[in-house]
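Examination of the molecular architecture
Each chain, written out:
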Amino acid sequence: KSSLSLKDFEGTLLATMFSPPYSDNLPKDSQGRYVLDINPMCFKIVVDHLQNLRLNPAAAVPVVPKEHRFNMDVLADALKLRM
């Protein structure tokens, strides 16, 4: 299994955010891991979808559980994604 990072999703806002110099301004915990104030379920859906698109550019937009739709809309808007 190959390891991907958010920087690998070239052309996305996530790639920009996690690349220098922008990544230098993201908060980190005491172990150097990024700390994001993002709904974790929605973030996982976004990352999984981006990974799927790398494998299949025609991948369908994921189904977002009803209880996460509002948060997904906010996240997608902030990241300039069409979800």
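Below is a short write-up of the structure. All of these numbers come straight from a predicted model, not from anything done at the bench.

Along the chain, the position of Thr 12 falls in the segment before helix 1 (13–17). A polar atom in the side chain of Thr 12 sits 3.1 Å from the backbone nitrogen of Ala 15.

Before going further, it helps to spend a moment on helix 2 (residues 40–55). Taking 1.5 Å as the rise per residue, helix 2 with 16 residues should run 22 Å; its terminal C-alpha atoms sit 23 Å apart, in good agreement. Burial in helix 2 covers these residues: Cys 42, Phe 43, Ile 45, Val 46, Val 47, His 49 and Leu 50. Buried-residue contacts for helix 2 involve helix 1 and helix 3 (69–78).

Moving on, we get to the pattern of salt bridges. Inspection of the entire model under this criterion finds two salt bridges. A salt bridge links Arg 33 to Asp 29; its shortest N-O distance comes to 2.8 Å. The class of Asp 29 is partly exposed, set by a relative accessible area of 26%. For Lys 44, the salt bridge goes to Asp 48, with nearest N and O atoms at 2.6 Å. Linking Lys 44 with Asp 48, this pair stays in helix 2, spanning four residues, or about one helical turn.

Of all hydrophobic cores here, the largest spans 15 residues; its most connected members are Leu 6, Leu 14, Val 46 and Met 72. Of all the elements, helix 2 adds the most residues to this core, at six residues.

To continue, consider the packing of helix 2 against helix 3. For the pair helix 2 and helix 3, interaxial distance at closest approach is 9 Å and the crossing angle is 55°. With respect to helix 3, the axis of helix 2 lies oblique. Seen from above, helix 2 lies across helix 3 with right-handed handedness. For the pair helix 2 and helix 3, contact is made by Cys 42, Phe 43, Ile 45 and Val 46 and by Asn 71, Met 72 and Leu 75, respectively.

Criteria and thresholds
- Residues numbered from 1 in each chain as written.
- Predicted model: local features only at pLDDT ≥ 70, side-chain atom pairs only at ≥ 80, totals over all residues.
- Heavy atoms only, no water.
- Helix = DSSP H or I, 4+ residues; strand = E, 2+ residues; numbered from the N terminus.
- Polar contact = N/O pair within 3.5 Å; in protein donor to acceptor, adjacent residues only side chain to side chain.
- Expected span 1.5 Å × (residues − 1).
- Buried < 20%, exposed > 50% of the residue type's maximum accessible area, 1.4 Å probe, protein only.
- Contact = heavy atoms within 4.5 Å.
- Salt bridge = Lys/Arg side-chain N within 4 Å of Asp/Glu carboxyl O.
- Core = buried A, V, L, I, M, F, W, Y, C linked by side-chain atoms within 4.5 Å.
- Axes fitted to C-alpha atoms, helices over the stretch in contact; angles between N-to-C directions.
- Parallel < 35°, antiparallel > 145°, perpendicular 65-115°, else oblique.
- Left-handed = near helix turned anticlockwise from the far one by under 90°.

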